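Structural overview for review
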Amino acid sequence: DWVYVENGQVNNSYTGVRQNDNGWWRVEAGKVNFGYNGLAENEYGWWVIKNGKLDFDCNGLIEDEKGWFYIKDGMVDWSYTGLASNEAGWFYVKNGTIDWNYTGLYESESVWFYINSGIIDWGYSGVAENESGWWKCSGGTIDYNYTGLVDNGDEVWMISSGKADFDYNGYVSNANGTFYVEAGKVN
């Protein structure tokens, strides 16, 4: 067993992450726990531990009993807000953790994605709002190529180049017939 020595004596009460000549290690009750896999905290942050040792090569999303976290160089990156993926899909991360409460549009690399409860909803087809207006989404992203009518659940709106066009007045035809649109809504 490897033990944690402090001031020349084994400290059986220490639990945390400490360094020796071989790296950084998860210490529990004064002993290195070589079987530990998960996150562990010290005064420098929250770290990914694999087989008891800090894994500086770990990057991306991981889950442990505390939740889902965005990892950069082995450490939880509390400053990260954006999209991240793992084998389970693409997620909206806010301040280093997946924001399961977020539903709406989010822009990343000039693409607007529809997020549903923290996950990109690749199957979403409908309307969603951002600061620039209401947009038609198809396949989880804004569909700038769409022009026509969309049922938003309460009303039928005119969409021009992906955006709700509340200035539109006139007739619009689709597979269901011809409709009069006034101020962007089927009358």
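Here is what the cut-offs are and how they apply
Residues numbered from 1 in each chain as written. Predicted model: local features only at pLDDT ≥ 70, side-chain atom pairs only at ≥ 80, totals over all residues. Heavy atoms only, no water. Patch = residues over 30% accessible without salt bridge, like charges linked within 9 Å, V, L, I, M, F, W, Y side chains within 5 Å. Areas by Shrake-Rupley, 256 points an atom, 1.4 Å probe, with all protein chains shown as cover. Salt bridge = Lys/Arg side-chain N within 4 Å of Asp/Glu carboxyl O. Helix = DSSP H or I, 4+ residues; strand = E, 2+ residues; numbered from the N terminus. Buried < 20%, exposed > 50% of the residue type's maximum accessible area, 1.4 Å probe, protein only. Phe/Tyr/Trp six-rings, centres within 6.5 Å; stacked < 30°, edge-to-face > 60°. Polar contact = N/O pair within 3.5 Å; in protein donor to acceptor, adjacent residues only side chain to side chain. Pairing = 2+ DSSP bridges.

The next thing to look at is a nonpolar patch on the surface. Among the surface-exposed residues, Val3, Val5 and Val10 lie close enough to one another that they form a single nonpolar patch of about 220 Å² accessible area. Considering the arrangement of structural elements, one finds Val10 in strand β2 (residues 9-10).

This paragraph deals with unusual backbone geometry. Located in the positive-phi region is Ala29, a residue other than glycine, with phi close to 50°. Inspection of the secondary structure puts Ala29 in the loop between β4 (23-28) and β5 (31-32). In this structure Ala29 comes out as partly exposed when scored by relative accessible area, which is 42%. Phi angles above zero are rare outside glycine, and Asn95 is one such case at about 55°. Mapping Asn95 onto the fold places it in the loop between β13 (89-94) and β14 (97-98).

To continue, consider the packing of aromatic side chains. Going through the model one piece at a time under the given rule, you end up with 21 aromatic pairs. Their ring planes at 70° and their centres at 5.5 Å tell us that Trp25 and Phe34 sit as a pair that is edge-to-face. For Phe34, a relative accessible area of 38% corresponds to the partly exposed category. Where Trp47 meets Phe56, the ring centres are 5.8 Å apart and the plane angle is 70°; that geometry is what we call edge-to-face.

Turning next to the side chain of Asp55. With respect to the element layout, Asp55 can be found in the loop between β8 (53-54) and β9 (60-64). For Asp55, the side chain forms a polar contact with the side chain of Lys50, separated by 3.2 Å.

Where charged atoms from two side chains of opposite charge come close, those side chains can pair. Overall, the coordinates contain 7 salt bridges when judged by the stated rule. Between Lys31 and Asp1 there is a salt bridge; the shortest N-O distance is 3.6 Å. Placement of the pair is Lys31 in strand β5 and Asp1 in the segment before β1 (5-6), with a sequence separation of 30 residues. Arg26 is paired through a salt bridge with Glu28; the nearest N and O atoms lie 3.2 Å apart. By relative accessible area, Arg26 is classed as buried at 13%. Within this structure, Asp64, Glu65 and Lys66 form a network of salt bridges that share partners.

Looking at chain direction, strand β24 (residues 170-174) and strand β25 (residues 177-182) are connected through 5 bridges and run antiparallel. Bridging from a neighbouring strand, Tyr171 pairs with Tyr180 of β25. Connecting β24 to the next strand, β25, in antiparallel fashion are 2 residues. Here β25 runs beside strand β26 (residues 185-186); their pairing, made up of 2 bridges, is antiparallel. For Val181, the partnering residue across the bridge sits in β26 and is Val186. What sits between the antiparallel neighbours β25 and β26 is a turn of 2 residues, in which Ala183 has the positive phi angle 50°.

Read these as spatial facts, not as claims about activity.
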